[in-house]
Structures are given as structure tokens and as C-alpha cells.
Amino acid sequence: MFDAIVIGGRCAGAATAMLLARKGHRVLMVDRSTFPSDVISTHFLWPHGTSYLNRWGLLDRVLATTPSYTELTLEHDGIPLTGGIPEELLRQYFQQLHGDDSGVVRRYCSVRRRVLDKHLVDAAGESGVEVREGFAVEELLTEGSRVVGIRGRTREGTRVEERARIVIGADGRNSFVARTLKLPRFDERLKCTFAYWGYFSGFDAGRAHLLRRGRMGAAIVPTNFGQNMTLVFGPSEWSEAFRRDIPGNFQRALDFVSPEFGERVRTQGQREERLYGTLDQAAFLRPLHGPGWVLVGDAGSFKDQCTATGMTHAFRDAELAASALDGWLSGRQPLDEALKHYEARRRSQSAAAYYDYVCTLAEMKPLRHDELQLFVSLRGNQEESNRFIATHADIAPVSEFFQASNLYLINDAAKESSRGHAIFENFESTSRQYLNNLFAA
Ligand SMILES: Cc1cc2nc3c(=O)[nH]c(=O)nc-3n(C[C@H](O)[C@H](O)[C@H](O)COP(=O)(O)OP(=O)(O)OC[C@H]3O[C@@H](n4cnc5c(N)ncnc54)[C@H](O)[C@@H]3O)c2cc1C
């Protein structure tokens, strides 16, 4: 009998299992994958993501083979904002969510999942977790309505049954646990992006560039093996046309969003692997806990990749869930109370506001005049640029940056006319053009 069984061994699962084992609990973690391996995901980590790794003593081993940097560039219709996340905002984030701001670092990185997830699985094993790779869970064992264990199959085909005081579903957006328990999805947002990405050597992007133009987006981010992860994304309703010529439209999208990076990729870039893609990223929330079970990571809530926060949110869930479950397993708190605490943090007002922010961005509407005006005004105002970047990454609350009085102060302080910027010339016709499907024949 284990204290906890964790189904899924990547960002959410391996971290939760590791943290529980470090508190002295007996943990089994199973994953049908074997490691190292990739998943359908790009892999940018904001500074709260790297800070979680640092808090767990894992950042050094990740950064030993992964480039990192302390600034990034966000660009909207050719208006660049370069900045970093202030340490003070990072500390506030960790204090408010976890009551402890140890390990904060201001670094960004983009670590291939085959690298990161292997480090996480190894760290779980080193912390005392019993790790079983290539193990597919096929049934949940129940007593009445309570989940009490799992039944699954090993790589060799042997059927195995294991029991635990709690079963943790860290099994991703198509969660087996959620499907088996027939958990409802709620607050679903069907409008989302399609995304295609590849790995290019031959040039040095220096730091992450996250770019938007019209209804398209792109990211060029240094990653492992001397390569740059290069991503394009757009509204899912354009995906069918995009897919008629994936390599050609990939380059076309890049040229459209960033003529500069389009040129670099075309003339210097060497594609090292095939292009990867995903068409559906519709967002949803699920209940987070019930009798004998808890969900962490994408299993409990999934949202579009357009702000690249899913992995960091999986780390956040791991710390919150492990801390709550430790309170119960150690006899300090009843289970219901502990899990309600977990749920309150995960479903706070600011978490709801951020979910809404991501889902609205994922509609990929062309940016409005006032939004672009804001980005013009932010240039030269480093403090507010940094705060915007922190807000976009879910480090500072959406409600604070976007409150009307703050936007007024930023615009007023800038007193910069929009007239000199190319995007504002013929704004009306440019915006109309942006609505046309870029990939239509
Ligand atoms: C296109 C795309 C780009 C993204 N880019 C970023 C980004 O740049 N930055 C970022 O932070 N996030 C990004 N994300 C989000 C990120 O991928 C997820 O939020 C993250 O992987 C969630 O981690 P997880 O551990 O919850 O689930 P997963 O990583 O999905 O892991 C779930 C694990 O559960 C295992 N499993 C499932 N069912 C079973 C079963 N029955 N038995 C045993 N094992 C099982 C699977 O094998 C898998 O290993 C992106 C997502 C997409 C789709």
C-alpha cells in the first residue's frame, strides 16, 4: 500500500511525486511513456518556471545543457518591448501562492521535453519515488465511490494492481483519470490556435522573441543542441488552409510575422527534424479533487499554448498539491480541508482572470488601435514594460496592470503620438487585410 500513486510522470506528475517523497511519503509514479521522450509541446519556461526548478535543486542540471537569459523581446505588429521580470514581482508571486520565496531566479530558458522530463523523472527516483516507466493504467480501483488504486499493464504485458491512500491524475489534457470518473469539463473555450514548430540550427537568436502580427504569432527561442525552436501559430479556423502546404506555409507565416526572422530562417537556418504541429487547443477546466483522487497540471485545466505557461502551471500545481497532501498524510489536516485549500489557490480570482486573458488572446483577433497604442507608450517605460511582461506570464495579476487608471497613467506619461509608427498609417485597411486568411489559395 502506497501513500500516493501518481499517474503521469512529466511536469506535473514527476514534480508532485518528487515533492511528496521528499516529505517522507511512500510514492509510486507510473507513466506509459519511457524516458527520455518528447510530448507534443514547445517548452519555453518563464522565470517562475525556472524558479520552481531552482527551488527543487534541479535548475543547475537543466542549465548545464540549456541556454538561458534574463531578458526577452515581445513584439506586437513590429513594436518591440524588451525586458525582464523584476525580482520583486517574482518574490511577491511565490510569497502569495506558496508563502515562501526561496530559490527565485530571473532566468528564462527553453528546454526540450526529452531533456527536462528525464531530469524530473530521475529526480523523482533519487528522492525515493518508485518509478515505473512503460506502465499504462487501464482501470481505477474503487471502493464505493472512493478511488483506492490502479490496475495497469507493464511494458512486458503483465497486469498489475496497486493501492494507495490517494491517486493523483497527472495524466495530461486527455486525462484517463478524468475520463474514467466521467468528470465534466466546464468554462470551455473552443476558439484556440493551431501551432507548428521546428528546430533550426545555423543562427543564434540570442534570447527569446515572442511575436504577434495581425492574426498570426511566432516564437524564436534558443534551445538545447545549438538549435532554435521556431514556432508559428494562428487561429484554428485557418489551419485547414495552412495544412495544404505545411513547410511552405510555415515559412510564409514566419515571413509575415517577422520579415527579419523569416529571412534568417530561410537563408541561414538548417531544419534538424520534421515540423511538429497541433490543431486543437480548446481550453477547459475540470473539478480538481474528489473521494480518493486529485488532478494536477493539464489534467485539471488545459489552455492554449499562446502564452507558454502550461509547464510552469504544472510546476505550480505540483507544489500546491504536494504541500496540501503532505498536510493530510502527516496528520496535520483533514483531507477535505487540505484539498479545498489546494483548489482555492488554483481557482482564485486572479487565476480565473488569467485563464480569461489567455483564452481571449487565443482567439487571435488583430490587435486593436488602443492595444497597439499601449505598446507604443510602453516603449521607454522599462518599469511598466517589465510589469506588462510579468502580467503576460501570470506572475503579476492581470487586474492590476490592466486597470483603467494604470493604462491612463502609462499613456499620459508617454505622451507619444502614434502617428510616427508604420502600423498606424492606413490602420483601417491594414486591420481589414489582417482578417483575410493568409493561407487561402
Ligand atoms: C503546441 C503546444 C505548445 C506548448 N508550449 C508550451 C511552452 O512553450 N511552455 C509551457 O510552459 N507550456 C507549453 N505547453 C503546455 C505544456 O505542454 C503542458 O501544459 C504540460 O505538458 C502539462 O504537463 P502535465 O505533466 O500536466 O501533462 P503531460 O506533459 O501531458 O504528461 C502527461 C503524462 O501522462 C502520461 N499518461 C497519460 N495517460 C496515462 C495512462 N493511462 N497511464 C500511464 N501514463 C499515462 C503520458 O504518457 C504523459 O507522459 C504547450 C502545449 C502545446 C500543446
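As annotated in an unreviewed UniProt entry, the protein chain carries the name FAD-binding monooxygenase and is attributed to Melittangium boletus DSM 14713.

Trainee: Help me out: how do you make sense of empty space enclosed by the protein in this one?
Mentor: Over the atoms rolls a probe the size of a water molecule, and in doing so it shows where empty space is left. Using the criterion set out here, one finds one cavity of 30 Å³ or more in the structure. Roughly 40 Å³ of internal volume is contained in the largest cavity. For the largest cavity, the full set of lining residues is Gly297, Asp298, Ser301, Lys303, Gly310, His313, Ala314, Arg316, Asp317 and Arg346. Here the lining of the largest cavity gets five residues from one element, more than from any other, and that element is helix H10 (residues 310–329). Classifying every residue of the lining of the largest cavity gives one nonpolar, four polar and five charged.

Trainee: Would you mind showing me how to read helix H12 (residues 349–361) here?
Mentor: Helical periodicity: at 3.6 residues per turn, an α-helix aligns residues three or four positions apart in one direction. For H12, spanning 13 residues, the distance from its first C-alpha to its last is 19 Å, which sits close to the expected 18 Å at 1.5 Å a residue. Every buried residue of H12 is accounted for by Tyr354, Tyr355, Tyr357, Val358, Cys359 and Leu361.

Trainee: How should I be thinking about H10 in this particular structure?
Mentor: Given a rise of 1.5 Å per residue, 20 residues ought to cover 28 Å, and the 27 Å separating the end C-alpha atoms of H10 matches this to within 8%. Most of H10 sits inside the fold, with 18 of its 20 residues counted as buried. Downstream of H10 by one or two residues, Gly331 has phi in the positive range, about 80 degrees.

Trainee: Sorry, what's going on with the pattern of salt bridges here?
Mentor: When the charged atoms of two side chains with opposite charge come close together, those side chains can pair. Under the defined criterion, the tally for this structure stands at 35 salt bridges. Two residues, Glu139 and Arg159, come together in a salt bridge whose shortest N-O distance is 3.2 Å. A residue pair is termed long-range when its members are at least 10 positions apart, and Glu139 in strand E9 (residues 136–143) and Arg159 in strand E11 (residues 159–169) qualify at 20 residues. Given the relative accessible area of 31%, Glu139 is considered partly exposed. What makes Arg159 partly exposed here is its relative accessible area of 45%. Of the charged contacts in the structure, one is a salt bridge between Asp317 and Arg346, with a shortest N-O distance of 2.7 Å. Taken together, the residues Asp317 in helix H10 and Arg346 in helix H11 (residues 335–346) connect sequence positions 29 residues apart.

Trainee: Got a minute to help me understand the site of the ligand in this structure?
Mentor: Near the ligand you find 32 residues, and of these Arg10, Asp31, Ser41, Thr42 and Met311 are the closest. A distance of 2.6 Å is found between a nitrogen atom of the ligand and a side-chain nitrogen or oxygen belonging to Thr42. In this structure, an oxygen atom belonging to the ligand sits 2.8 Å away from a main-chain N or O atom of Met311. In the complex, the protein chains occlude 94% of the 1000 Å² of accessible area that the ligand would expose alone. Here the ligand is seated within the largest pocket. When contributions to the shell around the ligand are tallied by element, the ones reaching two or more residues are helix H1 (11–22), E9 and H10. With three residues, the top contributor of residues to the shell around the ligand is H10. Tallied by class, residues from the shell around the ligand come to 13 nonpolar, 13 polar and six charged.

Trainee: Got a minute to help me understand the sheet that holds strand E4 (residues 68–69) in this structure?
Mentor: Sheets are built from strands that pair by backbone hydrogen bonding, the pairs being arranged parallel or antiparallel. With antiparallel pairing, three strands are arranged side by side in an open sheet as E3-E7-E4. The open sheet has two edge strands, strand E3 (44–45) and E4, and neither has a second partner. Across two bridges, the pairing between E4 and strand E7 (residues 108–110) is antiparallel. Considered in E7, the bridge of Ser68 is made with Cys109.

Trainee: Help me out: how do you make sense of the sheet that holds strand E22 (residues 301–302) in this one?
Mentor: Across the sheet, three strands lie side by side as E12-E19-E22; this open sheet has antiparallel pairing. Looking at which strands have only one partner, the edges of the open sheet turn out to be strand E12 (186–189) and E22. Pairing of strand E19 (residues 283–285) with E22, which is carried by two bridges, proceeds in the antiparallel orientation. Within E22, the residue paired with Phe284 across the bridge is Phe302.

Trainee: Sorry, what's going on with the packing of helix H4 (residues 87–98) against H10 here?
Mentor: For any two helices packed against each other, the geometry comes down to the angle between their axes and how far apart the axes lie. Close contact between H4 and H10 brings their axes to 11 Å; oriented N to C, the two are set at 35 degrees. For the pair formed by H4 and H10, the contact residues are Tyr93, Leu97 and His98 on the first element and Arg316, Glu319 and Leu320 on the second. Here the contact of H4 with H10 is built from residues that sort into three nonpolar, one polar and two charged.

Trainee: I keep staring at unusual backbone geometry and nothing clicks. Help me out?
Mentor: A negative phi holds for most residues other than glycine; trans holds for most peptide bonds. Look at the link from Phe35 to Pro36: it is a cis peptide, with omega at 5 degrees. Its place among the elements puts Pro36 in the loop between strand E2 (27–31) and E3. In the Ramachandran plot, Lys182 falls in the positive-phi region, its phi being about 55 degrees despite a non-glycine side chain. Structurally, Lys182 can be placed in the loop between helix H6 (176–180) and E12.

Trainee: When you look at the side chain of Thr307 in this model, what are you seeing that I'm missing?
Mentor: Checked against the element boundaries, Thr307 lands in the loop between E22 and H10. The class for Thr307 is buried, based on a relative accessible area of 1%. At 3.1 Å, the side chain of Thr307 and the side chain of Tyr354 are in polar contact.

Trainee: Explain the packing of aromatic side chains to me, please; I cannot follow it from the model alone.
Mentor: For any pair of aromatic rings, the description rests on two quantities: the centre-to-centre distance and the angle between the ring planes. One pass over the full model with this rule turns up 28 aromatic pairs. Between Trp56 and Phe315, the ring centres sit 5.3 Å apart and the planes meet at 75 degrees, which makes this aromatic pair edge-to-face. Of this pair, Trp56 sits in the loop between helix H2 (47–55) and helix H3 (59–63) while Phe315 sits in helix H10; the two residues are 259 residues apart in sequence, bridging distant segments of the chain. Note on accessibility: Trp56 and Phe315 belong to one class, buried. Three or more aromatic residues link up through ring pairs in this structure, and these residues are Tyr354, Tyr357, Phe375, Phe388, Phe401 and Phe402. Its end group placed over the ring of Phe256, Arg213 keeps NZ or CZ at 4.3 Å from the ring centre.

Rules used throughout
Residues numbered from 1 in each chain as written. Predicted model: local features only at pLDDT ≥ 70, side-chain atom pairs only at ≥ 80, totals over all residues. Heavy atoms only, no water. 1 Å grid on protein atoms, 1.4 Å probe; cavity = no way out; pocket = protein on both sides within 12 Å on 5 of 7 lines; lining within 4 Å. Points joined across faces, edges and corners; volume = space filled by probe spheres on them. Helix = DSSP H or I, 4+ residues; strand = E, 2+ residues; numbered from the N terminus. Nonpolar A, V, L, I, M, F, W, Y, C, P; charged D, E, K, R; others polar. Expected span 1.5 Å × (residues − 1). Buried < 20%, exposed > 50% of the residue type's maximum accessible area, 1.4 Å probe, protein only. Salt bridge = Lys/Arg side-chain N within 4 Å of Asp/Glu carboxyl O. Near = heavy atom within 4 Å. Polar contact = N/O pair within 3.5 Å; in protein donor to acceptor, adjacent residues only side chain to side chain. Areas by Shrake-Rupley, 256 points an atom, 1.4 Å probe, with all protein chains shown as cover. Sits in = over half its atoms within 2 Å of the grid points. Pairing = 2+ DSSP bridges. Axes fitted to C-alpha atoms, helices over the stretch in contact; angles between N-to-C directions. Contact = heavy atoms within 4.5 Å. Phe/Tyr/Trp six-rings, centres within 6.5 Å; stacked < 30°, edge-to-face > 60°. Lys NZ or Arg CZ within 6 Å of the ring centre and 35° of its normal.

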